[in-house]
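Residue-level structure breakdown
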Amino acid sequence: MEILQLQFQVEIALTIGFAILILLIMFICFLQFYLDLRKQSKDLLETATLECSQCHTSFQLPLAYFIQHPFLLKKDKRIQLGGIKRLTSRQYHLTCPKCHRKTWCSYDLENSTSILACLRKGMWKKHLIRFVLLECAVFIFYILLMQLYSVFLF
Ligand SMILES: [Zn+2]
């Protein structure tokens, strides 16, 4: 009876440990992907045209700016088109270079290149493959350990 209880506790501890490991790998892979994205975005020449909601001046901002500042406050504007909601423009909370006020600046998404389309094709593949391989390895290791731990412990 006691051995069964101990086995159960070991299994729970192993499962929790591996769940944390899987989440940690997920987080590290995402961070690496983001840092790579940030590094590559420095070479981007494309700019976005934004319009200040206070003085209505249009100004240019490099697309890389949005990748380097992922926590900018933003508001999405969608238009309903035959049951489908389409994202037409996005507002960012920025300091206008003309009137120097921190305000909402709108970015027209319909007539502009998307950030993702500008990035080197397939850059995410390398990260995705590494992520899947790592998670698979951890999972296989977990299954093996669940089968074998009793041999070592009991
Ligand atoms: Zn302004």
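Predicted, not measured: the structure shown is a model, and the values here were computed from it.

1. Remarks on the environment of T57
In this fold, T57 is placed in the loop between strand 1 (47-52) and strand 2 (58-62). Linking T57 and C99, residues 42 residues apart in sequence, is a C-alpha distance of 8.7 Å. When near neighbours in sequence (up to four residues on either side) are disregarded, T57 contacts C52, C96 and K98.

2. Some remarks on the domain arrangement of the protein
Segmenting the protein into domains produces domain 1 (1-44 + 121-154) and domain 2 (47-118). Facing 5 residues of domain 1, the contacting portion of domain 2 comprises 6 residues.

3. Quick word on the pairing of strand 5 (residues 102-108)
Each regular strand carries side chains that alternate between the two faces of the sheet. Alignment of strand 1 against strand 5, held across 3 bridges, turns out to be antiparallel. Note that in strand 5 the partner of C52 across the bridge is C105. As defined by bridge partners, strand 4 (residues 84-95) adjoins strand 5 across 7 bridges and the pair is classed as antiparallel. Within the sheet, the bridge partner assigned to Y92 lies in strand 5 and is C105.

4. Overview of the nonpolar core
Listed in full, the 6 residues of the largest apolar core are A48, L50, C52, L94, C96 and C105. The element best represented in this core is strand 1, accounting for 3 residues.

5. Some points on the pairing of strand 4
Little of strand 4 is tucked away: 1 of the 12 residues are buried. Bridge count between strand 3 (residues 74-81) and strand 4: 8 bridges; the pairing is antiparallel. Bridging across to strand 4, L81 finds its partner in I84. If you look at the hairpin formed by strand 3 and strand 4, you'll find 2 residues sitting between the two strands, and G82 has a positive phi there, around 55°. Taking the residues that link successive antiparallel strands as the turn, the strand 4-strand 5 hairpin has 6 residues, and the phi of H100 there is positive, at about 60°.

6. Regarding helix 1 (residues 2-41)
Every α-helix winds through 3.6 residues per turn, so residues three or four apart in the chain are directed the same way. Across its 40 residues, helix 1 extends 58 Å between first and last C-alpha, which sits within 8% of the 58 Å expected from 1.5 Å per residue. Taking burial as the measure, the 40 residues of helix 1 include 0 buried ones, a minor fraction of the element.

7. Some details on unusual backbone geometry
We note that H56 has phi near 60°; this positive angle belongs to a residue other than glycine. If you trace the backbone, H56 turns up in the loop between strand 1 and strand 2. Among the residues examined, H56 registers 10 C-beta atoms within 10 Å and is labelled exposed. One non-glycine residue, H100, lies in the positive phi region at around 60°. Looking at H100, the number of C-beta atoms within 10 Å reads 10, which means it is exposed.

Conventions used here
- Residues numbered from 1 in each chain as written.
- Predicted model: local features only at pLDDT ≥ 70, side-chain atom pairs only at ≥ 80, totals over all residues.
- Helix = DSSP H or I, 4+ residues; strand = E, 2+ residues; numbered from the N terminus.
- Contact = placed C-beta atoms within 7 Å.
- Domains from an automatic or database assignment.
- Pairing = 2+ DSSP bridges.
- Core = buried A, V, L, I, M, F, W, Y, C linked by C-beta atoms within 7 Å.
- Buried ≥ 20, exposed ≤ 12 C-beta atoms within 10 Å, placed from the backbone.
- Expected span 1.5 Å × (residues − 1).

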